[in-house]
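What the coordinates show
What follows is the residue order along each chain.
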Amino acid sequence: MGVVYDSYSTRDAFGKSLLEMAKENPQIYAVSADTTKSMGYEPMRREFPNRVINVGISEQNMALTAAGIASCGGKAFCATYAPFAAMRMLEQVRSFIAYPNLDVKVISGLGGLSGNVEGTTHQGLEDVSIMRCIPGIVVVVPADSCSTEEITRVITRHNGPVYLRVGRGEVPKVFDSYKFEIGKANPIKTEGADIAFICNGAAVHRVLQADKLLAEKGISAQIIEMPCVKPIDEDAILAAARTAKRIVAVEENNIVGGLGGAVAEVLSSLLPTPLLRLGIADCYTESGPHAELMDKYGLDPIEIASRTENFFSHHKSV
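Residues numbered from 1 in each chain as written. Predicted model: local features only at pLDDT ≥ 70, side-chain atom pairs only at ≥ 80, totals over all residues. Heavy atoms only, no water.

Section: the overall build of the protein
Defined as follows: Secondary structure is summarised from DSSP: a helix means a run of H or I of at least four residues, a strand means a run of E of at least two, and numbering begins at the N terminus for each. The cut-offs for exposure are 20% and 50% of the maximum accessible area for each residue type, with area from a 1.4 Å probe on protein chains only; residues under the lower value are buried, those over the upper are exposed, and the others partly exposed. Whether two residues touch is decided by their heavy atoms; if any such pair falls within 4.5 Å, the residues are in contact. Counting rule for charge: Lys and Arg are taken as positive, Asp and Glu as negative, and neither His nor the chain ends is counted. Think of each charge as sitting on NZ of Lys, CZ of Arg, CG of Asp or CD of Glu.
Tallying secondary structure elements over the protein gives twelve helices and twelve strands in all. Expressed as a percentage of its 318 residues, the buried residues of the protein come to 60%. Excluding contacts between residues fewer than 6 apart, the proportion of contacts in the protein whose partners are at least 24 apart in sequence is 79%. Computed over 31 positive and 37 negative side-chain charges, the separation of the two mean positions in the protein equals 3 Å.

Next comes the structure, spelled out in structure tokens:
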């Protein structure tokens, strides 16, 4: 199966859209923890140097600086790597950004396994799980550069705290055009009576590949991209459960508390349905190229298809 990669990364796509929005809104400020280049701020820094602030390698100070800007009527972005955004800054995000409902966008890079050769310390595999438990914050995981650009525009116009996860390098292209609404799913493939995939991030392209393998086995699948993990689109989940009767959630995150966990909460409360959660199986991962790590830790299209086929066979009588 041939793979076409985006010409630039999701973090560069974020930076491209951020500059567009900064031209429209003079109240947009970008705060960096020595991550101006690595998190896509450079285009904005070149054009609006007085609105890009580098506090040095001090992520907690970065979050508080962004909170201060927002408390004075600005729209603040703060950007660093996922483990630091979700863990080192957690108290600041919870108590000083989300609790007062300040207009701060936390941009989280090296999401999932895209930290690749940096190893466990820089791979963001718990961040979605951590952030979605904070009241009032929007949590978004784009699939590619095209979707990241549009999502950046939408969350910038949104008034309130947002956590946006982006990756490090170029990822496979999924979309040619994109529409995004906070709290809404994006159905990619609506016909399929056997399985409904619910996926996001870099896993989306791999689900599309796995779907082709399943079709060869006579298994038809719906594919629902769920970029917004919080608030999650309950209606889309329930509609998929009613039609396909079997759900497979696929994500580049620890399966504990991530997208699959969010889907499980909806189903268990409103419409109990067989659910298979595919992602990082609650373990620490190794260093290596992004694509190879995804293959090793269960997100290879062949393994997704194989595990889904076994799941379907086991629940065939549903």
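Concerning the packing of helix H3 (residues 59–71) against helix H5 (residues 90–98)
Heads up, the condition is: Axis angles are defined between N-to-C directions and span 0 to 180 degrees, where every axis is a line fitted to C-alpha atoms and, for a helix, only to the segment in contact. Any angle that falls under 35 degrees is termed roughly parallel, while one over 145 is termed roughly antiparallel, one within 65 to 115 roughly perpendicular, and all others oblique. Just so you know the grouping, Ala, Val, Leu, Ile, Met, Phe, Trp, Tyr, Cys and Pro go in nonpolar, Asp, Glu, Lys and Arg go in charged, and all remaining residues, Gly too, go in polar.
Taken N-terminus to C-terminus, the directions of H3 and H5 make an angle of 10 degrees; their axes are 10 Å apart at the nearest point. When the axes of H3 and H5 are compared, the pair comes out roughly parallel. Of H5, the residues touching H3 (which contributes Gln60, Ala63, Leu64 and Ala67) are Gln92, Phe96 and Ile97. Looking at the contact of H3 with H5 residue by residue, the class counts come to five nonpolar, two polar and no charged.

Considering the sheet that holds strand S7 (residues 186–189)
Formally: A pair of strands counts as paired when DSSP detects no fewer than two bridges linking them.
The five strands are arranged S7-S9-S8-S11-S12 in an open sheet whose pairing can be described as mixed. Because the sheet does not close on itself, it has two edges, and the strands there are S7 and strand S12 (275–280). Strand-to-strand, the axes of this sheet are offset by a mean angle of 25 degrees, without reference to chain direction. Pairing of strand S8 (residues 195–199) with strand S11 (residues 247–254), which is carried by four bridges, proceeds in the parallel orientation. Residue pairing across strands places Phe197 opposite Val248, the latter belonging to S11. Here helix H9 (residues 234–244) sits on the sheet in contact with S8, strand S9 (221–225) and S11, set at roughly 175 degrees to S9.

Side note on the domain arrangement of the protein
Note the threshold: Domain boundaries shown here were taken from an automatic or database domain assignment. A quick way to say it: buried area is the sum, across both parts, of accessible area lost when two parts are put together, with a 1.4 Å probe. Think of a salt bridge as a Lys or Arg side-chain nitrogen and an Asp or Glu carboxyl oxygen that are within 4 Å of each other. Here a polar contact means two N or O atoms within 3.5 Å. Within protein one must be a hydrogen donor candidate and the other an acceptor candidate, and residues neighboring in sequence count only if both atoms are side-chain atoms.
Domain annotation of the protein identifies domain 1 (10–165) and domain 2 (186–313). Of note, the centres of domain 1 and domain 2, computed from C-alpha atoms alone, are 26 Å apart. Counting residues at the interface gives 29 residues for domain 1, matched by 29 residues for domain 2. Counting each side, the surface lost to burial between domain 1 and domain 2 is near 2,000 Å², with a carbon and sulfur contribution of 52%. Per-residue buried area on domain 1 facing domain 2 is highest for Leu113, Leu125 and Arg132; these three make up 34% of the total on that side. One can count one salt bridge joining domain 1 with domain 2. A salt bridge links Glu265 to Arg132; its shortest N-O distance comes to 2.8 Å. Here domain 1 and domain 2 share 19 residue pairs in polar contact (both at pLDDT 80 or more) between them. Only helix H6 (127–131) and strand S5 (138–140) provide two or more residues apiece to the side of domain 1 that touches domain 2. Here the side of domain 1 that touches domain 2 is composed, by residue class, of 15 nonpolar, nine polar and five charged.

Overview of the pattern of salt bridges
Going through the model one piece at a time under the given rule, you end up with 18 salt bridges. Two residues, Glu42 and Arg46, come together in a salt bridge whose shortest N-O distance is 3.8 Å. Taken together, the positions of Glu42 and Arg46, both in helix H2 (residues 42–47) and four residues apart, correspond to about one turn of that helix. Looking at Glu42, the relative accessible area reads 15%, which means it is buried.

Topic: the side chain of Ser32
Within the secondary structure layout, Ser32 lies in strand S1 (residues 28–32). Assessed through its relative accessible area of 0%, Ser32 is described here as buried. Not counting residues within four places of it along the chain, the set of residues in contact with Ser32 comprises Tyr41, Ile53, Asn54, Val55, Gly56 and Met62.

Re the sheet that holds strand S4 (residues 104–109)
Ordered by their spatial adjacency, seven strands build an open sheet running S2-S1-S3-S4-S6-S5-S10, and the pairing between neighbours is mixed. Of all the strands in the sheet, just strand S2 (52–54) and strand S10 (228–230) have a single pairing partner and so form its edges. Ignoring which end each strand starts from, the neighbouring axes of this sheet average 20 degrees apart. The pairing of strand S3 (residues 75–81) with S4 spans six bridges and is parallel. Across the sheet, the residue bridging to Phe77 is Lys105, located in S4.

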